[in-house]
Amino acid sequence: MEQFAVSMRGITKIFSDVKANENVDFSLRKGSIHGLLGENGAGKTTLMNVLYGFYRQEEGDVWINGVKETIDSPQKAISLGIGMVHQHFMLARPLTVVENVMLGKKSRRGILLDTKETARELAALSDRYRMGIDPYSHVWQLSVGEQQRVEILTALYMGANILILDEPTAVLTPQETDVFFHTLREMRNDGKSIILITHKLEEIISIVDEVTVLRDGKMIGTKCVDEHVTKDDLTKMMVGRDVLFHFTPNTRKPGKEIFQIRNISAKNGKGLVALSDFSLDLREGEIVGIAGVDGNGQSELCEVLAGLRKVENGNVVLDGEDVTNRSPRFYIDKRISYIAEDRQNTSLALNWSLKMNLVLKNFARPPFAKHGLLQKNAIESHWDEMQKAYQIKANCCDDTARCLSGGNQQKVILAREIESDPRVLVASQPTRGLDVGAAEYVRQKLLDTRNNGAAVLVVSADLEEILQLSDRIAVLYDGKLMGVLPGGSDPFEIGELMMGKKLEGAQNEA
Ligand SMILES: Nc1ncnc2c1ncn2[C@@H]1O[C@H](COP(=O)(O)OP(=O)(O)O)[C@@H](O)[C@H]1O
Ligand SMILES: [Mg+2]
């Protein structure tokens, strides 16, 4: 086992009634990049948290560099040369980079004593891997990509030879991902062994040496990634069957403008400017994708379009009528559907039954109500139909929405918003957290909705999804429109705009 940096055998980890990992084997070769692939909930993070000493496994053993070890704390993992960068960063924002690093290792020596020395070492590491991090900058000043680099830098500084990265590219633009992968290759050249958790197949194929696939807590297989491996092979391992849909490109021309947003400004929940002087037209039979790094005004834009957020300046025009700041009910009556990013709080009545959540917007109307009486049979058969179509995993239509898993809650919302024949559909992160099959189903539904003549706006942090669906792509940065590009544009061109470079005359182009 000497050639393995990590070898895990027969790992089982149980959370009350969930077997998050079941008899999993995993081996990482020294000096390699190993992908850990699987759908949401497959058990990837859990397995790595076992390796990092966050969780204790019920069964199974771990060898590090050929020696059997009991890893019962992250401190132990670190002492064995293991570093982990979590999905959610753990940096203290008011502190500087070097202070953050010293905080993590304060047991070694006093903070004041070696700040300078630590900063010097960090700067050297940053240079070595071309990370461009100034140890004295404050974390709050750094972009998400830079914060990630600080986390990696911290792990390296602590002596990590085995680096676990949990979905690192989820928050990066294509350019940043490119640079990041370059860094990973350099680390591999220096003999480091890297585990890259991801659910993006492109990344697996472009960077990893080997991939291990988990499904439902079980290890499905480990494959060498060479020119023979295809996305289809990997998808099949991940999902357990062939993927269902193949999208055909849009051949129809968009129709007339339905929804016009003219020079609007809006504030976020903290009262800060979230959108400024933003203009966009939505047309019949067209999908406009909104690309951008999370938190650049996308959520606020969706809320404005759904009538849930006040517009401070500018106008919202529907079918030629100024409808700025009308009530949410008005928007619903105009058949504007909204799939909110924050499912639980905005889109569901958690204590209501599943069947009623499906008819939340129209239960007072036929066929669900007649002469002021709810029609139990119509409501229940609607549930049966939707449950089948969207493959909603639920015991009974009388259970509350609260009982369902996140993915299944999303399916209930989608069924309601898409099946109500919308004229405008605003979908914010519509497939986040769904498994591959369900996500494909939802994308197909968005395309169908467009093909039925609706104007569709899709916000997604997943650029691949935006490219797959959009007829036009609008890019948001810092609450401003950076430009509108045709569907199928070069991801790098979109990436430039996502980082704040503006197209000439962007505000007029929509
Ligand atoms: N701390 C926890 N408590 C209870 N259940 C958990 C916990 N962490 C993960 N799980 C469950 O274990 C399963 C695997 O989760 P996870 O390892 O996070 O998957 P992945 O990282 O592949 O998306 C899921 O069903 C999840 O709900
Ligand atoms: Mg995870």
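Residues numbered from 1 in each chain as written. Chains lettered and ligands numbered in written order. Predicted model: local features only at pLDDT ≥ 70, side-chain atom pairs only at ≥ 80, totals over all residues. Heavy atoms only, no water.

A look at the overall build of the protein chain
Convention followed: Helix and strand assignments follow DSSP, with helices taken as H or I runs no shorter than four residues and strands as E runs no shorter than two, numbered in order from the N terminus. Our radius of gyration is a C-alpha quantity, and the globule rule it is checked against amounts to 2.2 Å times the number of residues to the power 0.38. Partly exposed residues are those whose accessible area sits between 20% and 50% of the maximum for their type, while under 20% is buried and over 50% is exposed, using a 1.4 Å probe and protein chains only. Two residues qualify as a contact provided that any one of their heavy atoms is within 4.5 Å of a heavy atom in the partner residue. Note on areas: Shrake-Rupley, 1.4 Å probe, and residue coverage restricted to the protein chains presented here. We score Asp and Glu as negative and Lys and Arg as positive, and we do not count His or the chain ends. To locate a charge, take atom NZ for lysine, CZ for arginine, CG for aspartate or CD for glutamate.
In terms of regular secondary structure, the protein chain is built from 18 helices and 22 strands. A compact globule built from 510 residues should have a C-alpha radius of gyration of about 24 Å, and the protein chain, at 25 Å, falls within 12% of that. Expressed as lengths along the three principal axes of its C-alpha atoms, the size of the protein chain is roughly 75 × 50 × 45 Å. Within the protein chain, the fraction of its 510 residues that count as buried is 52%. Looking at the protein chain alone, contacts between residues at least 24 apart form 65% of all its contacts between residues at least 6 apart. Carbon and sulfur atoms make up 49% of the accessible area of the protein chain, which amounts to about 22,900 Å² in all. Here the protein chain holds 62 positive side-chain charges and 70 negative ones, and the gap between their average locations is 3 Å.

As for helix H1 (residues 44-51)
Where burial is concerned, most of H1 is hidden: seven out of the eight residues are buried. Buried within H1 we find Lys 44, Thr 46, Leu 47, Met 48, Asn 49, Val 50 and Leu 51. Where H1 terminates, the next one or two residues include Gly 53, which has phi positive at roughly 80°.

Side note on the site of ligand 1
We apply this condition: To be near a molecule or strand, a residue needs just one of its heavy atoms within 4 Å of it. Any pair of nitrogen or oxygen atoms within 3.5 Å is treated as a polar contact; in protein, a donor-acceptor pairing is required on top of that, and neighbouring residues in sequence qualify only through side-chain atoms on both sides. Any residue outside Ala, Val, Leu, Ile, Met, Phe, Trp, Tyr, Cys, Pro, Asp, Glu, Lys and Arg is labelled polar, Gly included; the first ten of those are nonpolar and the last four are charged.
Near ligand 1, the surroundings consist of Phe 15, Val 18, Ala 20, Glu 39, Asn 40, Gly 41, Ala 42, Gly 43, Lys 44, Thr 45, Thr 46 and Tyr 55. Take Ala 42: an N or O atom from its main chain is 3.2 Å from an oxygen atom of ligand 1. The contact in question runs from an oxygen atom of ligand 1 to an N or O atom on the side chain of Lys 44, over 2.8 Å. Considered on its own, ligand 1 offers 560 Å² of accessible surface; in the complex 62% of this is hidden by protein. Counting residues per element, the ones that place at least two in the shell around ligand 1 are strand E2 (18-29) and H1. No other element matches H1, which puts three residues into the shell around ligand 1. Of the residues contributing to the shell around ligand 1, the split by class is five nonpolar, five polar and two charged.

A look at the pattern of salt bridges
Counted only if it meets this: One side-chain nitrogen of Lys or Arg within 4 Å of one carboxyl oxygen of Asp or Glu is enough to make a salt bridge.
Counted according to the given criterion, the structure contains 36 salt bridges. For Arg 29, the salt bridge goes to Glu 210, with nearest N and O atoms at 3.2 Å. Placement of Arg 29 in strand E2 and of Glu 210 in strand E9 (residues 210-215) is noted, with a sequence separation of 181 residues between them. The class of Arg 29 is partly exposed, set by a relative accessible area of 36%. For Glu 210, a relative accessible area of 12% gives the class buried.

Let's talk about the pairing of strand E7 (residues 162-166)
For clarity, the cut-off: Paired strands, as defined in this entry, are two strands with at least two bridges between them according to DSSP. Look down the strands so they point away from you; if the path from the first strand over the helix to the second goes clockwise, the crossover is right-handed.
Of all five residues that make up E7, five are buried, and the element is covered over most of its length. Judged by which residues are buried, E7 turns out to be covered on both faces: Ile 162, Ile 164 and Asp 166 on one side and Leu 163 and Leu 165 on the other are all buried. With four bridges connecting them, strand E6 (residues 82-85) and E7 associate as parallel partners. The residue of E7 that forms the bridge with Gly 83 is Leu 163. The pairing of E7 with strand E8 (residues 193-198) spans five bridges and is classified as parallel. Paired with Asp 166 across the bridge in E8 is Ile 197. One crossover worth recording links E7 to the parallel E8 by way of helix H6 (residues 174-189), and it is right-handed.

A few points about the packing of aromatic side chains
Let me state the cut-off plainly: Only Phe, Tyr and Trp rings take part, Trp by its six-membered ring, and two of them pair if their centres are within 6.5 Å. Stacked means planes under 30 degrees apart, edge-to-face means over 60, and tilted covers everything else. Ring-over charges, as used throughout, are those where CZ of Arg or NZ of Lys falls within 6 Å of the ring centre and within 35 degrees of the ring normal.
In this structure the tally under the stated criterion is seven aromatic pairs. On the numbers, 5.0 Å between centres and 80° between planes, the contact of Tyr 390 with Tyr 441 is edge-to-face. Of this pair, Tyr 390 sits in the loop between helix H13 (376-389) and helix H14 (406-419) while Tyr 441 sits in helix H15 (residues 436-451), and the two are 51 residues apart along the sequence. Residues Tyr 390 and Tyr 441 agree in their burial class; the two are buried. Connected via pairs of aromatic rings, a cluster forms that spans Phe 259, Phe 330 and Tyr 331. The ring of Phe 15 is capped by Lys 13, whose NZ or CZ atom sits 5.2 Å from the centre of that ring. One Lys or Arg, Arg 326, reaches over the ring of Phe 330 and ends 3.9 Å from the middle of that ring.

Topic: the packing of helix H4 (residues 115-128) against helix H5 (residues 144-157)
Quick note on the threshold: Helix axes are fitted to C-alpha atoms over the stretch in contact, other axes to C-alpha atoms as well, and angles between N-to-C directions run from 0 to 180 degrees. An angle below 35 degrees is treated as roughly parallel, one above 145 as roughly antiparallel, one from 65 to 115 as roughly perpendicular, and anything else as oblique. Left-handed describes a crossing whose near helix is turned anticlockwise from the far helix by less than a right angle; the clockwise case is right-handed.
The interhelical angle for the contact between H4 and H5, taken along N-to-C directions, is 115°, at an axis separation of 10 Å. In terms of orientation, H4 lies roughly perpendicular with respect to H5. Seen along the crossing, H4 lies across H5 with a hand that is right-handed. Contacts from Thr 118, Glu 121, Leu 122, Leu 125 and Ser 126 in H4 reach Leu 153, Leu 156 and Tyr 157 in H5.

Topic: the nonpolar core
Put simply, the rule is: Only buried residues count toward a nonpolar core. Its members are Ala, Val, Leu, Ile, Met, Phe, Trp, Tyr and Cys residues joined through side-chain atoms within 4.5 Å.
Core analysis: the largest hydrophobic core is formed by 43 residues, its most contacted members being Ile 152, Leu 165, Leu 184 and Met 187. With six residues, H5 is the largest single contributor of residues to this core. If near-sequence neighbours (up to four positions away) are discounted, Leu 184 is found in contact with Ile 33, Leu 165, Ile 194, Leu 196 and Ile 207. Counting 36 residues, the second-largest nonpolar core is a separate cluster that includes Met 356, Val 412, Ala 415 and Leu 425.

That is the geometry; function is a separate question.
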